[in-house]
Amino acid sequence: MLKSVAITLFFLSAVALSAAPASDSPVLQVFKQWLDAFNSGDAAKISAFWQKYGGNAEADRASGDLRLREMTQGMTIFKVEEDTGSHLVVLMKEGRGGYSESTMDLATTNPPVVAGIHGHPVPPPEGAVNRASSDEDLAKKVQEHVVKVQGQDAFSGAVLVAHKGKVVLDQAWGLADTAKQIKNTIDTQFCLGSMNKMFTSVAILQLVGQGKLALDKPIATYWPDYPNRDLAARVTIRELLSHTGGTGDIFTPEYEAHRLETRTIADYVKLFGNRPVRFEPGTRMEYSNYGFILLGRIIELVSHEPYETYVREHVFAPAGMLHTDSRPESDHVPDRAIGYLHGPSGLIPNTPTMPWSGTSAGGGYSTVGDLLLFAEALQAGKLIDSALLKLAITGEAVHPDYGMGFYVLRGGGYGHGGGAPGINGELHILPQDDYVLVALANRDPRMASDTVDFIASILPAAR
């Protein structure tokens, strides 16, 4: 699952600027100051920004910003897309060549207080790259793009592109195990990070479709003895799915102190079950891995099956996904890739950073082929009906770019990403163009995400 919330799913941006011109709106002035601090890579400067504009937020935002700065290699403003004075949406160009969309909201403008700031990768704008002329040309351009980078930053993983049910490209590069010189293949299982959330969402919506769950009922309806009764009485299933429940994250100092013994959903609840809500549920979005841990337990309570068993039998099996599962890191899985991150003297395994096993929040393993099967099963109505799928992939006013366990992409597309040190994956399902794009990598974000964004940007024009 995500080591840092912002890594799969939220990629922010930076540009070095001095004092904002007087013509800038309040939110743009604050955003530029944040960007200036962010792009500096200076922890003290970033902390000073959040101390000034972060209100009473307790999160260690400086460390998250520094990790994002390292991933994106800095950014510049490409275009201000929306600015109401307190709400800002900006298209950014990253130092690594990709693009992302950043959003900032102010709780108040005088004095300015940041209510939220988040972002997500987007395809390059129209005209920024040359489109492929055909699917054959698309495959060639992707292959050329992947092999262009050499050395330690060379792509290591697998890519699959399908158009109208036909595989256009299915290829792997790099090593699954550097010590044993085992190559990645199209059948290699890569860690998914937060992509598991799609499976959890489908499982919840299946139970909704069966009348066993109601989206707008609070947690307490199904879990009356949850430790924090106030949270259970206020946060709904819908809010857990949409990250608007205020339930917080799991990658905290408490978790780090107990990482190896935190193995089950019950273990996570033992660590965080007494924690109160962070804000009024439903009022804003804050990505919450713990919210999806709670959803996993609710699946168990309602279905009377362990989470892993439920998704294996009701999600993976109907889709034909024979190479997807959440098994402990200590289990020997022949085709499973080791994740690698940059160390002082080169690439090192990410094993010491990994959770014990995958959960309902993330951390399972899959192949590019299985994720194509998942996409096809979703679109064919084999997992949930079209009305429930529409609910899952439709954003709301609080967060138009996220539905319920799925990112909302432009043009009616949807999917999810995942990332952590040594892990990155991305799935885009694009019904309008009838493409499915998958990339999985055993390297740091945004190796796979940038690859999928590049592919999306050069798809042949519709004919």
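Residues numbered from 1 in each chain as written. Predicted model: local features only at pLDDT ≥ 70, side-chain atom pairs only at ≥ 80, totals over all residues. Heavy atoms only, no water.

**Student:** Hey, could you run me through the overall build of the chain in this one?
**Tutor:** A tally of helices and strands in the chain yields 15 helices and 16 strands. At 21 Å, the chain has a C-alpha radius of gyration in line with the 23 Å of a compact globule built from 463 residues. Along the first, second and third principal axes, the C-alpha set of the chain runs to 55 × 55 × 50 Å. In the chain, 64% of the contacts between residues at least 6 apart in sequence involve partners at least 24 apart. Of the roughly 18,900 Å² of accessible surface on the chain, a fraction of 52% belongs to carbon and sulfur atoms. Charged side chains in the chain number 40 positive and 52 negative. The centres of these two groups are separated by 1 Å. (Helix = DSSP H or I, 4+ residues; strand = E, 2+ residues; numbered from the N terminus. Rg over C-alpha atoms; globule rule 2.2 N^0.38 Å. Contact = heavy atoms within 4.5 Å. Areas by Shrake-Rupley, 256 points an atom, 1.4 Å probe, with all protein chains shown as cover. Lys, Arg positive; Asp, Glu negative; His and termini not counted. Charge placed at Lys NZ, Arg CZ, Asp CG, Glu CD.)

**Student:** Explain the pattern of salt bridges to me, please; I cannot follow it from the model alone.
**Tutor:** For side chains of opposite charge, pairing can occur when their charged atoms come near one another. Under the counting rule described, the total for this entry stands at 16 salt bridges. The residue R284 makes a salt bridge to E286 at a minimum N-O spacing of 3.8 Å. Take R284: its relative accessible area is 26%, and that puts it in the partly exposed class. In this structure, D453 and R446 form a salt bridge, with 3.2 Å as the shortest nitrogen-oxygen distance. We classify R446 as buried; its relative accessible area is 1%. One salt-bridge network, held together by shared partners, links E94, R446, D450 and D453. (Salt bridge = Lys/Arg side-chain N within 4 Å of Asp/Glu carboxyl O. Buried < 20%, exposed > 50% of the residue type's maximum accessible area, 1.4 Å probe, protein only.)

**Student:** Sorry if this is basic, but what is going on with the sheet that holds strand 6 (residues 166-173) here?
**Tutor:** Each strand in a sheet pairs with its neighbour through backbone hydrogen bonds, running either in the same direction (parallel) or in the opposite one (antiparallel). Across the sheet, which stays open at both edges, the six strands sit in the order 6-5-16-15-14-13 with antiparallel pairing between neighbours. What marks the edges here is a single partner per strand, and that holds for strand 6 and strand 13 (407-408). In terms of strand pairing, strand 15 (residues 423-430) meets strand 16 (residues 435-441) through seven bridges, oriented antiparallel. In the sheet register, L427 faces strand 16, and the bridge partner there is V438. Across the sheet, helix 13 (residues 368-379) lies against strand 5 (157-163), strand 6, strand 14 (414-420), strand 15 and strand 16, angled at about 145° from strand 16, the strand it touches most. (Pairing = 2+ DSSP bridges. Axes fitted to C-alpha atoms, helices over the stretch in contact; angles between N-to-C directions.)

**Student:** So what exactly am I meant to see when it comes to the side chain of D177 here?
**Tutor:** Assignment of secondary structure puts D177 in strand 7 (residues 175-177). This buried residue, D177, is left without a salt bridge; K180 holds the nearest opposite charge, at 4.6 Å. Beyond its immediate stretch of four places on either side in the chain, D177 contacts I182, I338 and Y340.

That's the geometry; what it means functionally is another story.
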